[in-house]
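The chain contents come next:
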There are 2 protein chains.
Amino acid sequence: MDINTNITKELKLVDNFIKKDLIKEKTISGLYKYIFNSGGKKIRARLNLISSSANKHKDRYKLASIIELLHTATLVHDDVVDNSPTRRGAKSVNNLWTNSHGVLIGDYIYSKAFILMVEIENMKILEELAAATNDISQGELIQLDAIKNLDISLNKLKKISYFKTGRLFEAAARTGAILAKSNNSYINNMSASAKNLGILFQIRDDLLDYSINLKTGKPSYQDLREGKVTYPFFFAYKNANKKEQKQLRNLLGNKKLNQINASQLISRLDGINKTNELAKKYHQETIKYAKKINKLGIKQEMIELANIAINRDK
Amino acid sequence: MDINTNITKELKLVDNFIKKDLIKEKTISGLYKYIFNSGGKKIRARLNLISSSANKHKDRYKLASIIELLHTATLVHDDVVDNSPTRRGAKSVNNLWTNSHGVLIGDYIYSKAFILMVEIENMKILEELAAATNDISQGELIQLDAIKNLDISLNKLKKISYFKTGRLFEAAARTGAILAKSNNSYINNMSASAKNLGILFQIRDDLLDYSINLKTGKPSYQDLREGKVTYPFFFAYKNANKKEQKQLRNLLGNKKLNQINASQLISRLDGINKTNELAKKYHQETIKYAKKINKLGIKQEMIELANIAINRDK
């Protein structure tokens, strides 16, 4: 059986752990069950399990559950921040209940994750996860202040992608490797590969918002409508002349934008191509560090994840 | 110099710690400074310093800062949940910026507190603070579902007071005592005294909402307007006949309620007296456990806090 099939089996155990051991408080089980039933790819938990598979510790599933809980807490709060009506194809907590529920259930999940973290009794793991959680919130705050900000720099966009997404990928890999009592070289190569993979995921996510949706046949332009400057818009704006810049400014934060005009303008100004180039760069970085990992199964798994990430269309 | 004066001096050091060491990230310093400049009684940090004064550890101010940060994070999220326009006499984060800022800055402060906690490297302290944070969010969730809930039990109201307020008082005392490497008897008596003190604080808070405000000359009835069933309403409703119950139901969640009618009705139905009786009970419990503490200065300090709490009018 290859490592991939094994990890998929193990992810089911993580699911069970969350469902059986965590969803028992009556007061919140309604909210809680709902959130974890809605599925998701669990890429971060998978990454953590891959990383910790180097040397199987009894707390592997607990740690993967923690990573998944932290991610879920950020999603629940994100939906409040973005006022999103849906999440993973189902109604979001803030939509189904209220924003207040979204805030509090997010806090509940965060602190549940911290309780479990403390149980693992590993200071290095605690340190990394506390720092990552703080960086994630910082990334979201920077992004909030980047709304309708046409002067944002490429470096700031990269910082947002790293803090918002790369950081938890990195922490998932690093804590998995620490739990497996690995050597520094393995810890650092896994972390660097995962960090770049996370940024790649975020870039692809930004691109998907500008791509033809297979269901609707149109791009959704959610980020653009919300006024979020992401890579495709950033690169297009850089290449635009005065007149085109004005057209782009009219799209940003425009809930009723013309999708065909937007699509033609941003493509013509190389917004999509340049973002694809950037994605390729992070794909290469992910693979560069993956190749330095000397455990064959894990190296292959990381390369496969990088290839999935650059080709993903949902 | 008595312990009280000393602790007040030490609270200034806690302030400095928060201001100098924590508010350095440029991206968030605007929000951050604002929140910590707005003051507050810092009763929880004080309690923690009292408790840890039994045996002065180098991390005392750090731990007191952590307690204050955790409390501040809950306040910032509370203001989003309650949609409050003000906090500590100044505009709330969600009012000055947006709800989104309130959610994220709350997360930022929480995770900053966790980073500092990990630095103290004491598993028992981590365990207590992670558990307390989780209980606080659970208390807020229970309260949310208690809105306009006329069937709520006295036990549930007590659980809300404990989780929302008593729990962090208890954790402040317990972690202070743990840091001071105290014996179990000191840890448990301090914790029990502080837990009851916190519940007493919450009961007095509920009462203040129904009392004549010295500035406006009128009760503010904020809880009542928001539809929150707290002790004065609960006891009045218990004592009411069918007709009075209907009148009470008309007040709950009524933004334009008649203050004079509300005041007369709830007083006549013993809502205020019964709540005062309950406050006295928790005052006695606080003192009962304080008297078991065999460090004289600390015992006196706890008794003084209990007396301040039951007499406080703001």
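Residues numbered from 1 in each chain as written. Chains lettered and ligands numbered in written order. Predicted model: local features only at pLDDT ≥ 70, side-chain atom pairs only at ≥ 80, totals over all residues.

Tallying secondary structure elements over chain A gives 15 helices and two strands in all. The C-alpha radius of gyration computed for chain A amounts to 20 Å, which stays within 12% of the reference 20 Å derived for 314 residues, consistent with globular compactness. Each principal axis of the C-alpha atoms in chain A carries an extent, and together these give about 60 × 50 × 35 Å. A burial count over chain A gives 51% of its 314 residues as buried. A separation of at least 24 residues holds for 71% of the contacts in chain A among residues at least 6 apart in sequence. (Helix = DSSP H or I, 4+ residues; strand = E, 2+ residues; numbered from the N terminus. Rg over C-alpha atoms; globule rule 2.2 N^0.38 Å. Buried ≥ 20, exposed ≤ 12 C-beta atoms within 10 Å, placed from the backbone. Contact = placed C-beta atoms within 7 Å.)

In contact at an axis separation of 9 Å, helix 7 (residues 123-145) of chain A and helix 6 (residues 99-120) of chain B are set at 160° when each is read in the N-to-C sense. The angle between the axes of helix 7 of chain A and helix 6 of chain B places the two elements in the roughly antiparallel class. When the axes of helix 7 of chain A and helix 6 of chain B are compared, the crossing they make is left-handed. Counting all contacts with helix 7 of chain A, which are made through Met 123, Leu 126, Glu 127, Ala 130, Ala 131, Thr 133, Asn 134, Ser 137, Gln 138, Glu 140, Leu 141 and Leu 144 of chain A, the residues of helix 6 of chain B involved are Ser 100, His 101, Leu 104, Ile 105, Asp 107, Tyr 108, Ser 111, Lys 112, Phe 114, Ile 115 and Val 118 of chain B. (Axes fitted to C-alpha atoms, helices over the stretch in contact; angles between N-to-C directions. Parallel < 35°, antiparallel > 145°, perpendicular 65-115°, else oblique. Left-handed = near helix turned anticlockwise from the far one by under 90°.)

Residue and element names in this part refer to chain A. On the secondary structure map, Leu 197 appears in helix 9 (residues 184-208). In this structure the C-alpha to C-alpha distance between Leu 197 and Tyr 162, which are 35 residues apart in sequence, comes to 9.9 Å. Each residue touching Leu 197, except ones within four places of it in the same chain, is listed here: Phe 169, Thr 286, Leu 305, Ala 306 and Ala 309.

For the rest of this paragraph, the subject is the interface of chain A and chain B. Where the parts come together, the accessible area they lose is often given as the size of the interface. With 34 residues of chain A at the contact, the number on the chain B side is 34 residues. Listed by contribution, the elements that provide at least two residues to the side of chain A that touches chain B are helix 2 (26-37), helix 4 (60-82), helix 6 (99-120) and helix 7 of chain A. Of the residues forming the side of chain A that touches chain B, the biggest block, 14 residues, is contributed by helix 6 of chain A. Across the side of chain A that touches chain B, the residue classes tally to 18 nonpolar, 10 polar and six charged. (Nonpolar A, V, L, I, M, F, W, Y, C, P; charged D, E, K, R; others polar.)

This brings us to helix 4 of chain A. Residues and elements named next belong to chain A. Between its terminal C-alpha atoms helix 4 stretches 33 Å, which fits the 33 Å expected from 23 residues at 1.5 Å a residue. Of all 23 residues in helix 4, 21 are buried, a share of seventy percent or more. Once helix 4 ends, the next one or two residues include Asn 83, with phi positive near 55°. (Expected span 1.5 Å × (residues − 1).)

A few words now on the relation of the copies chain A and chain B. Between the two chain copies there is a screw-like relation: a rotation about an axis and a shift along it. Mapping chain A onto chain B calls for a screw motion: a turn of 180° about the axis and a shift of 0.0 Å along it, with 0.0 Å RMSD after fitting. The superposition of one copy onto the other is thereby described by a two-fold rotation axis. Among all C-alpha atoms of chain A, that of Val 103 of chain A lies closest to the rotation axis, at 3.4 Å. Mapped onto chain B, 100% of the interface residues of chain A are again interface residues, and the two copies thus contact each other with one and the same surface. (Least-squares fit on C-alpha atoms with pLDDT ≥ 70 in both.)

Ranked by size, the top nonpolar core spans 184 residues in total, and within it Ala 113 and Leu 200 of chain A together with Leu 70, Ala 113 and Leu 200 of chain B carry the most contacts. Non-local contacts of Leu 70 of chain B, meaning those with residues more than four positions away in its chain, are made with Tyr 110, Ala 113, Leu 129, Thr 133 and Leu 168 of chain B. (Core = buried A, V, L, I, M, F, W, Y, C linked by C-beta atoms within 7 Å.)

With that settled, consider the confidence of the model for chain A. Residues at a pLDDT of 70 or more form 90% of chain A, whose mean pLDDT is 89. Of the two predicted TM-score estimates for the complex, the pTM is 0.92 and the ipTM is 0.91. (pLDDT = per-residue confidence, 0-100.)

This part is about the environment of Thr 230 of chain B. Residue and element names in this part refer to chain B. Looking at the element boundaries, Thr 230 is found in the loop between helix 10 (222-225) and helix 11 (231-239). Judged by local crowding, Thr 230 falls into the buried class, with 24 C-beta atoms found within 10 Å. Separated by 69 residues in sequence, Thr 230 and Ser 161 place their C-alpha atoms 9.5 Å apart. Thr 230 has contacts with Asp 206 and Asp 223, leaving out every residue within four places of it along the chain.

Residue and element names in this part refer to chain A. Positive phi is not limited to glycine here, since Lys 148 has a value of about 60°. Along the chain, the position of Lys 148 falls in the loop between helix 7 and helix 8 (154-179). The phi dihedral of Asp 270 falls on the positive side, at around 70°, and the residue is not glycine.

We now examine the packing of helix 9 (residues 184-208) of chain B against helix 14 (residues 271-291) of chain B. If you want to describe how two helices pack, look at the angle between their axes and the distance between the axes. All names here are of chain B. Contact geometry of helix 9 with helix 14 gives a least axis separation of 8 Å together with a crossing angle of 160°. Between helix 9 and helix 14, the angle is such that the two are roughly antiparallel. Considering only the axes of helix 9 and helix 14, their crossing is left-handed. From helix 9, Asn 189, Ala 192, Ser 193, Asn 196, Leu 197, Ile 199, Leu 200, Ile 203, Arg 204, Asp 206 and Leu 207 reach across to helix 14, where they touch Thr 275, Leu 278, Ala 279, Tyr 282, His 283, Glu 285, Thr 286, Tyr 289 and Ala 290. Grouping the amino acids of the contact of helix 9 with helix 14 by side-chain chemistry returns 11 nonpolar, six polar and three charged.

In this section: the environment of Ala 192 of chain B. Residues and elements named next belong to chain B. Summarising the element assignment, Ala 192 is placed in helix 9. Classification of Ala 192 as buried rests on a count of 20 C-beta atoms within 10 Å. Put simply, Ala 192 and Ala 173 are 19 residues apart on the chain and 8.7 Å apart in space, counted from C-alpha to C-alpha.

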